[in-house]
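# Geometric and topological summary
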Amino acid sequence: MKKGNLRTLLILGILLIIFVFSFKSQVDASENDEFYYQKVGLELSGKITSFEDLFYGHDYGVISVSIKDSNIKEYDERKNLKRFFGVIKNGQADLVFNSISKIKIGDSIVVKNRNYKIFRDSKLIIEKKLTMPPPELILTPFSEIKEIIKL
């Protein structure tokens, strides 16, 4: 086998291993996220007062919510967890959000565990599951998220 072909096979093999490892870690993260959201058991409703896109992209950002009703009065696990859904304090919530391009200030949000609904002018416009950006091998958006969250 030629030296150039062997080098190409080695590079392709390394890329394949990185791809498989990345895919497996994202599947594991999704399963862990489901358990995490169920364990927290957040039920919240309120109005979106501001939002900020993440440089990370993929339609993720942080929304600020003025809470109308919530079963959790305070939640801040930034120091204990590498990945978290947000922070709740003093009747406000800053939440990691996965459809940032579809919302507007003044929209209403209702969260029940991991499921959420967004209403605009009393009409349902989005119904999805909350997700967090996946853990990346090299870059993670959670350092950016920690900077955006003002609570």
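As a reminder, the structure under discussion sits directly above these lines.
Only a predicted model underlies this, so the values are computations on that prediction, with no experimental measurement involved. (Residues numbered from 1 in each chain as written. Predicted model: local features only at pLDDT ≥ 70, side-chain atom pairs only at ≥ 80, totals over all residues. Heavy atoms only, no water.)

The next thing to look at is the overall build of the protein chain. A count of helical and extended segments in the protein chain gives two helices and eight strands. Reading the protein chain from its N end, one meets helices and strands in the order α-β-β-β-β-β-β-β-β-α. The long-range fraction of contacts in the protein chain, counting pairs at least 24 apart against all pairs at least 6 apart in sequence, stands at 62%. Accessible surface computed for the protein chain: about 9,600 Å², of which carbon and sulfur atoms make up 59%. (Helix = DSSP H or I, 4+ residues; strand = E, 2+ residues; numbered from the N terminus. Contact = heavy atoms within 4.5 Å. Areas by Shrake-Rupley, 256 points an atom, 1.4 Å probe, with all protein chains shown as cover.)

Further remarks concern the pairing of strand β6 (residues 108-112). The two faces of β6 differ: Ile109 and Val111 on one face are buried, but Ser108, Val110 and Lys112 on the other face are not. In this structure, strand β1 (residues 43-53) lies alongside β6, joined through five bridges in antiparallel fashion. Residue pairing in the sheet places Leu44 in a bridge with Val111 of β6. Hairpin connection, β6 to strand β7 (residues 115-120): the antiparallel pair is bridged by two residues, and Asn113 has positive phi, about 60 degrees. (Buried < 20%, exposed > 50% of the residue type's maximum accessible area, 1.4 Å probe, protein only. Pairing = 2+ DSSP bridges.)

A separate point is the packing of aromatic side chains. Counted according to the given criterion, the structure contains three aromatic pairs. Ring geometry for Tyr75 and Phe85: centres 4.8 Å apart, planes at 25 degrees, overall stacked. Taken together, the residues Tyr75 in strand β3 (residues 75-76) and Phe85 in the loop between β3 and β4 (86-89) connect sequence positions ten residues apart. Across this residue pair, the class does not change: Tyr75 and Phe85 are buried. Look at Phe97 and Tyr116: their rings are 4.9 Å apart centre to centre, the planes differ by 55 degrees, and that puts the pair in the tilted class. Of this pair, Phe97 sits in strand β5 (residues 92-97) while Tyr116 sits in strand β7; the two residues are 19 residues apart in sequence, bridging distant segments of the chain. Here the two residues Phe97 and Tyr116 agree in accessibility, since each one is buried. Members of the aromatic cluster, each reached through a chain of ring pairs, are Tyr37, Tyr75 and Phe85. (Phe/Tyr/Trp six-rings, centres within 6.5 Å; stacked < 30°, edge-to-face > 60°.)

Let's shift gears to the environment of Lys146. Turning to its location among the elements, Lys146 is positioned in helix α2 (residues 142-148). A relative accessible area of 37% places Lys146 in the partly exposed class. With 84 residues separating them along the chain, Lys146 and Val62 place their C-alpha atoms 9.9 Å apart. Excluding its chain neighbours within four sequence positions, the residues that come into contact with Lys146 are Arg78, Leu81 and Phe84.

Moving on, we get to the sheet that holds strand β8 (residues 123-129). Reading across the sheet, the eight strands line up as β3-β4-β5-β2-β1-β6-β7-β8 and stay open at both edges, with antiparallel pairing between neighbours. In the strand order of this sheet, the two ends are held by β3 and β8, each with one partner. Two elements, β1 and strand β2 (residues 61-70), share nine bridges in a ladder whose sense is antiparallel. Bridged to Lys47 within β2 is Ser66.

Once that is clear, we can look at a nonpolar patch on the surface. The grouping of Ile11, Leu12 and Leu15 at the surface amounts to a nonpolar patch, some 290 Å² of accessible area in total. Relative to the elements of secondary structure, Leu15 occurs in helix α1 (residues 3-40). (Patch = residues over 30% accessible without salt bridge, like charges linked within 9 Å, V, L, I, M, F, W, Y side chains within 5 Å. Salt bridge = Lys/Arg side-chain N within 4 Å of Asp/Glu carboxyl O.)

Now for unusual backbone geometry. Notably, Asn90 is not glycine yet its phi reads approximately 50 degrees, a positive angle. Residue class for Asn90 comes out exposed when judged on its relative accessible area of 70%. For Asp121, which is not a glycine, the phi torsion comes out positive at approximately 50 degrees. Positionally, Asp121 belongs in the loop between β7 and β8. The class for Asp121 is exposed, based on a relative accessible area of 69%.

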